[in-house]
Amino acid sequence: MKNLLAGASAGVIALFAVGSALAQDLPGKFDGVTIDAKLIGGQQYEKLYARIGEWEAATGAKVNVISKKNHFDLDKEIKSDIAVGALNWCVGSNHSSFAPQYPGIYTDLAALLPKDEIDAFVDANISASTLDGKLVMLPRAQFDVSALYYQKSLYADEDNKAKFKEKYGYELTPPDTWEQVTDQAEFFANPPDFYGTQFAGKEEAINGRFYEMLRAEGGEYLDADGKPAFNSEAGVRALNWFVDLYKAKAVPAGTTNYLWDDLGQGFASGTVAINLDWPGWAGFFNDPGASKVAGDVGVVAPPKGSSGARTGWSGHHGFSVTENCENKEAAASLVWFLTNEDSQKQEAAGGPLPTRDAVWDWVIAEASDDPFRKEVLQAFQEAAKGAYPVPQSPSWIEISNAVYPQLQAAILGDKTAQQALDDAAAEATEILQDAGEL
């Protein structure tokens, strides 16, 4: 393993000199210490946790994983812990979309780790992980922006090409616009055995997808004054994309209850033609032991909306240390270990985009002789050019929890798109007013 502390001793001395950090040799020794952790679980995140045993062997400490859930359920659990004063655990999974809700519960990692280590991360990721001047999480190799996966054989089939050209008047190629996605999803759909596409239909997952579709249609979620503005003509166009595909049965009937693992398993099952998804699934989709579409996966940049802009909702995962942790130095060491170069190389090998500069260089070099990884990297690099985070409001998740049932109501046909968005905007306005943001 590359010695990540090379040349760091001078930085450690400097940090002690200004009294701004409790810098330590890494990973350090913490015999007898137990770190309680709450971690995100799921197919694309699990492999990293096998490295926890290496950290335990190196430090003499133990890790007790007391919770492992998807981030939506984990977020609810953390909020419950805050409400009842049960923040007696040390390390938690975090995300740039969730972190603004509770910056006060997490400690400043810049005071616990060598500056050289923090400087090794991509500046933009560190900036997004810093709230109220505190580095509240260390980014893992899970920088997320979506690209479009598709089954290549469907586009190479001559019969498909001829029938599509006859019906739609243009050549069947991987879509570059959301209008083309709609055409192709409807063309390929053969329910209940095969579907054109799919989407995650609840929690922040559907609100985030709606948000980026809204942006691609030229709309805005919150206006310059921070007021909800998504119940616009652009918002109606964006929501109707979901509504129309559901009505056409081009997506699975259960998609309104899907989250990310459901999408990943769905595309890997070979029953979905086109799938907008995160980079972390790339290796899984092309693994013959896990996926029925392995060897038949193509990847292109996310499509453009009517404004000419591509969808580009992005964020990144990370790990945080609570202020209440009794062994912050040990907890920070674990967080560092799970985000160091070796850990990021392990995650990035499966497709996720890294958050360390050196690992980006490694990924690019590794991809040079691997056509699939090169294609994946090129697609996600193009996607990253137009990437943007969710609105930086502490109320984002609470707003999402109010908005997504309204989006579902429109998709299921219980409300028109305009009615659903008007009702959602009214609820979001009340949330922001109660929070003192309006």
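Coordinates for the structure precede this section.
Our subject in this report is the structure included herewith. These figures come from a predicted structure and were not determined experimentally. (Residues numbered from 1 in each chain as written. Predicted model: local features only at pLDDT ≥ 70, side-chain atom pairs only at ≥ 80, totals over all residues. Heavy atoms only, no water.)

1. Overview of the overall build of the protein
- Looking only at helices and strands, the protein features 18 helices and 10 strands.
- If one aligns the C-alpha atoms of the protein with their principal axes, the spans along those axes are about 70 × 55 × 35 Å.
- Counting only contacts in the protein whose residues sit at least 6 apart along the sequence, the fraction spanning at least 24 positions is 75%.
- Carbon and sulfur atoms provide 49% of the accessible area of the protein, an area that totals close to 17,300 Å².
- Within the protein, one finds 35 positive and 62 negative side-chain charges whose respective centroids are separated by 3 Å. (Helix = DSSP H or I, 4+ residues; strand = E, 2+ residues; numbered from the N terminus. Contact = heavy atoms within 4.5 Å. Areas by Shrake-Rupley, 256 points an atom, 1.4 Å probe, with all protein chains shown as cover. Lys, Arg positive; Asp, Glu negative; His and termini not counted. Charge placed at Lys NZ, Arg CZ, Asp CG, Glu CD.)

2. As for the state of the cysteines
- Evaluation of the coordinates by the stated rule reveals 1 disulfide.
- Between the sulfur of cysteine 90 and that of cysteine 325 lies a disulfide, 2.1 Å long from S to S. On the sign convention where negative is left-handed, the bridge of cysteine 90 and cysteine 325, at about 90 degrees about the S-S bond, is right-handed. In this pair, cysteine 90 is assigned in the loop between α3 (71–84) and β3 (91–95) and cysteine 325 in the loop between β10 (314–321) and α13 (328–337), connecting sequence segments 235 residues apart.
- Classification of cysteine 90 by relative accessible area gives buried; the value is 7%. (Disulfide = S-S within 2.5 Å. Buried < 20%, exposed > 50% of the residue type's maximum accessible area, 1.4 Å probe, protein only.)

3. Looking at a negative patch on the surface
- On the surface, Glu398, Glu427, Glu430 and Asp434 cluster together into a patch of negative charge.
- Mapped onto the elements, glutamate 430 comes out in helix α18 (residues 417–434).
- The class for glutamate 430 is partly exposed, based on a relative accessible area of 48%. (Patch = residues over 30% accessible without salt bridge, like charges linked within 9 Å, V, L, I, M, F, W, Y side chains within 5 Å. Salt bridge = Lys/Arg side-chain N within 4 Å of Asp/Glu carboxyl O.)

4. What to know about empty space enclosed by the protein
- If you walk through the whole model with that rule in mind, you get 2 cavities of 30 Å³ or more.
- Taken as a whole, the largest cavity spans an internal volume of roughly 110 Å³.
- In terms of lining residues, the largest cavity is bounded by 14 residues, among which Trp178, Gln198, Phe199, Trp241 and Leu276 are the most central.
- Contributions of two or more residues to the lining of the largest cavity are made by α8 (178–188), α9 (203–216), α10 (233–247) and β8 (274–277).
- Ranked by residue count, the leading element in the lining of the largest cavity is α9, at 3 residues.
- In terms of residue class, the lining of the largest cavity is made up of 9 nonpolar, 3 polar and 2 charged.
- If you add up the space inside the second largest cavity, you get close to 40 Å³.
- Forming the walls of the second largest cavity are Phe72, Asp75, Lys76, Phe98, Glu203, Glu204, Ile397, Ser400 and Asn401.
- Contributions of two or more residues to the lining of the second largest cavity are made by α3, α9 and α17 (396–411).
- Considered class by class, the residues forming the lining of the second largest cavity number 3 nonpolar, 2 polar and 4 charged. (1 Å grid on protein atoms, 1.4 Å probe; cavity = no way out; pocket = protein on both sides within 12 Å on 5 of 7 lines; lining within 4 Å. Points joined across faces, edges and corners; volume = space filled by probe spheres on them. Nonpolar A, V, L, I, M, F, W, Y, C, P; charged D, E, K, R; others polar.)

5. Observations regarding the sheet that holds β8
- Spatially, β8-β7-β9 is the arrangement adopted by the 3 strands of the open sheet, whose pairing is antiparallel. Every interior strand has two partners, whereas the edge strands, β8 and β9 (297–300), have only one. On average, adjacent strands in this sheet sit at an angle of 25 degrees to one another, irrespective of strand direction.
- Across 4 bridges, the pairing between strand β7 (residues 147–151) and β9 is antiparallel. (Pairing = 2+ DSSP bridges. Axes fitted to C-alpha atoms, helices over the stretch in contact; angles between N-to-C directions.)

6. A few points about the packing of aromatic side chains
- This structure, assessed with the given rule, holds 30 aromatic pairs.
- In this structure an aromatic cluster arises from ring pairing among Tyr150, Tyr155, Phe164, Tyr168, Tyr170, Phe187 and Phe188.
- A cation sits over an aromatic face here: arginine 209 above tryptophan 278, 4.8 Å from the ring centre.
- Above the face of the tyrosine 388 ring, arginine 215 is positioned so that its terminal group lies 3.6 Å from the ring centre. (Phe/Tyr/Trp six-rings, centres within 6.5 Å; stacked < 30°, edge-to-face > 60°. Lys NZ or Arg CZ within 6 Å of the ring centre and 35° of its normal.)

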